[in-house]
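# A look at the structure
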Amino acid sequence: MLDRRRVVAGLVTGLGATALATLVPGELWAAAIKPDDGSVLLVIDVQNCFLPGGSLAVKDGEQVVPIINKIAKSFANVVMTQDWHTPGHISFASVHAGKKPFETVDLAYGKQVLWPDHCVQGTDGASLSKDLAIPQAELVIRKGFHKDVDSYSAFTEADGKTTTGLAAYLKAREVQRVFVAGLATDFCVAWTALDARKAGFETYVVEDACRGIDTQGSLAKAWADMDKAGVKRIQSSDIA
């Protein structure tokens, strides 16, 4: 992965700024992003069930933790989310006779991917990773606690109308920019980013601070949907 500051620093040594500007793409030449009081970092579902040994482990999911810990130091505002399912949640394959995890069913609110039982309320699997070190986190949003509807997004449940209240909270705090990191890129991260755009926030996904599940082309579709919606894709090194 290209680190723009190293590229710029190296080129500046041998070139003047004028010459450099003609050779380096604008996105590399741009200044790093500095979060301010109008910015929030949303840390999505970094829970034991999604980490190694968990019932719905995301490949390399543990790698996001040190990256998130590092970038969180730049944010005065941090909100975290937890999947918080009831036993026998409608999104679990185990409650649909003859169905297996990662198959889909049609429910009242649309198509639902079925998952292994995960993040059941009060279990260790639902706990946030003990390796997260973000003492300034001001709010934890629990989602997916309604038994008959799933909830990927930090803003709105899968029915598209039941809100978590997060948008109103952020607007009351005069937040304009939302930065999203966590698990998994193609589901809870993407749905959160898309809903952030719908709510009118300038939205960034920190790509190297996320990992995806990628079932049936879901990762490519998620990025395409986010690009179309105007979600900006950045790296952790882009944050000052």
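This text follows the structure it describes.
This is a predicted model, so every value here is computed, not measured.

To continue, consider the overall build of the protein chain. Regarding its fold elements, the protein chain presents seven helices and eight strands. Across the 240 residues in the protein chain, those meeting the buried criterion constitute 48%. In the protein chain, the proportion of contacts linking residues at least 24 apart, taken out of those at least 6 apart, comes to 75%. Entry remark: accessible area of the protein chain is about 11,400 Å², with carbon and sulfur atoms responsible for 55%.

As a further point, take helix α6 (residues 185–198). Compared with an ideal rise of 1.5 Å per residue, which puts 14 residues at 20 Å, α6 spans 18 Å between its outermost C-alpha atoms and is within 8% of the ideal. Taking burial as the measure, the 14 residues of α6 include 10 buried ones, the bulk of the element. Residues Thr185, Asp186, Phe187, Cys188, Val189, Ala190, Thr192, Ala193, Asp195 and Ala196 constitute the buried set of α6. Those residues of α6 that are buried are in contact with β1 (39–44), β4 (110–113), β5 (139–143), β6 (177–183), β7 (202–211) and α7 (218–229). In the stretch just after α6, Gly200 is the one whose phi turns positive, near 95°.

The subject of this paragraph is the nonpolar core. Ranked by internal contacts, the top residues of the largest apolar core, which has 60 residues, are Leu41, Ile68 and Val205. Secondary structure elements with two or more residues in this core: β1, α4 (64–72), β2 (78–83), α5 (166–172), β6, α6, β7 and α7. The biggest single contributor to this core is α6, with six residues. When neighbours within four sequence positions are excluded, Ile68 is seen to be in contact with Val43, Val46, Leu132, Ile134, Ala181, Gly182 and Ala209. Listed in part, the five residues of the second largest apolar core include Ile90, Ala93, Val105 and Leu114.

A large share of β6 lies buried, amounting to seven of its seven residues. Note that β1 and β6 share six bridges and pair parallel. Within β6, the position partnered with Val43 by the bridge is Ala181. Bridge count between β6 and β7: six bridges; the pairing is parallel. Residue pairing across strands places Gly182 opposite Cys210, the latter belonging to β7. Following the backbone out of β6, through α6 and into the adjacent parallel β7, one traces a crossover that is right-handed.

Time to look at the environment of Val231. Topologically, Val231 is positioned in the loop between α7 and β8 (232–234). Judged by relative accessible area, Val231 falls into the buried class, the value being 7%. Between the alpha carbons of Val231 and Tyr204 there is a distance of 5.6 Å; along the sequence they are 27 residues apart. If we skip the residues at most four places from it in the chain, Val231 touches Ala193, Arg197, Thr203, Tyr204, Val205 and Met226.

Of the positions making up α4, those classed as buried are Val64, Val65, Ile68, Asn69, Ile71 and Ala72. If you follow the buried residues of α4, they end up packed against β1, β2, β6 and β7.

Attention now moves to the pattern of salt bridges. Inspection of every chain in the model, using the stated rule, returns 11 salt bridges. Its salt-bridge partner being Asp131, residue Lys130 comes within 3.4 Å of it at the nearest N-O pair. You can call Lys130 exposed: its relative accessible area is 74%. Notably, a salt bridge pairs Glu207 with Arg233, separated by 3.6 Å at the nearest N-O pair. Of this pair, Glu207 sits in strand β7 while Arg233 sits in strand β8, placing them 26 residues apart in sequence. For Glu207, a relative accessible area of 25% translates into the label partly exposed. Among the ionic contacts, a cluster of salt bridges with common partners joins Asp45, Asp83 and Lys143.

Right, let's talk about the environment of Val40 for a bit. Looking at where Val40 falls in the secondary structure, it is placed in strand β1. For Val40, the residues in contact, after removing those within four places along its chain, are Phe75, Asn77, Val78, Val79, Leu170, Val175, Arg177, Val178 and Phe179.

Under the counting rule described, the total for this entry stands at eight aromatic pairs. Residues Phe179 and Tyr204 carry aromatic rings whose centres are separated by 4.6 Å and whose planes lie at 5° to one another, so their mutual orientation is stacked. Taken as a pair, Phe179 in strand β6 and Tyr204 in strand β7 lie far apart in primary sequence, 25 residues in all. Accessibility classification places Phe179 together with Tyr204 in one group, the buried group. Members of the aromatic cluster, joined through ring pairs, are Phe102, Trp115, Tyr152, Phe187 and Trp191. Its end group placed over the ring of Trp84, Arg142 keeps NZ or CZ at 3.6 Å from the ring centre. The lysine or arginine in question, Arg233, covers the ring of Trp223, its NZ or CZ lying 3.9 Å from the ring centre.

Calculation rules
Residues numbered from 1 in each chain as written. Predicted model: local features only at pLDDT ≥ 70, side-chain atom pairs only at ≥ 80, totals over all residues. Heavy atoms only, no water. Helix = DSSP H or I, 4+ residues; strand = E, 2+ residues; numbered from the N terminus. Buried < 20%, exposed > 50% of the residue type's maximum accessible area, 1.4 Å probe, protein only. Contact = heavy atoms within 4.5 Å. Areas by Shrake-Rupley, 256 points an atom, 1.4 Å probe, with all protein chains shown as cover. Expected span 1.5 Å × (residues − 1). Core = buried A, V, L, I, M, F, W, Y, C linked by side-chain atoms within 4.5 Å. Pairing = 2+ DSSP bridges. Right-handed = clockwise from strand over helix to strand, strands pointing away. Salt bridge = Lys/Arg side-chain N within 4 Å of Asp/Glu carboxyl O. Phe/Tyr/Trp six-rings, centres within 6.5 Å; stacked < 30°, edge-to-face > 60°. Lys NZ or Arg CZ within 6 Å of the ring centre and 35° of its normal.

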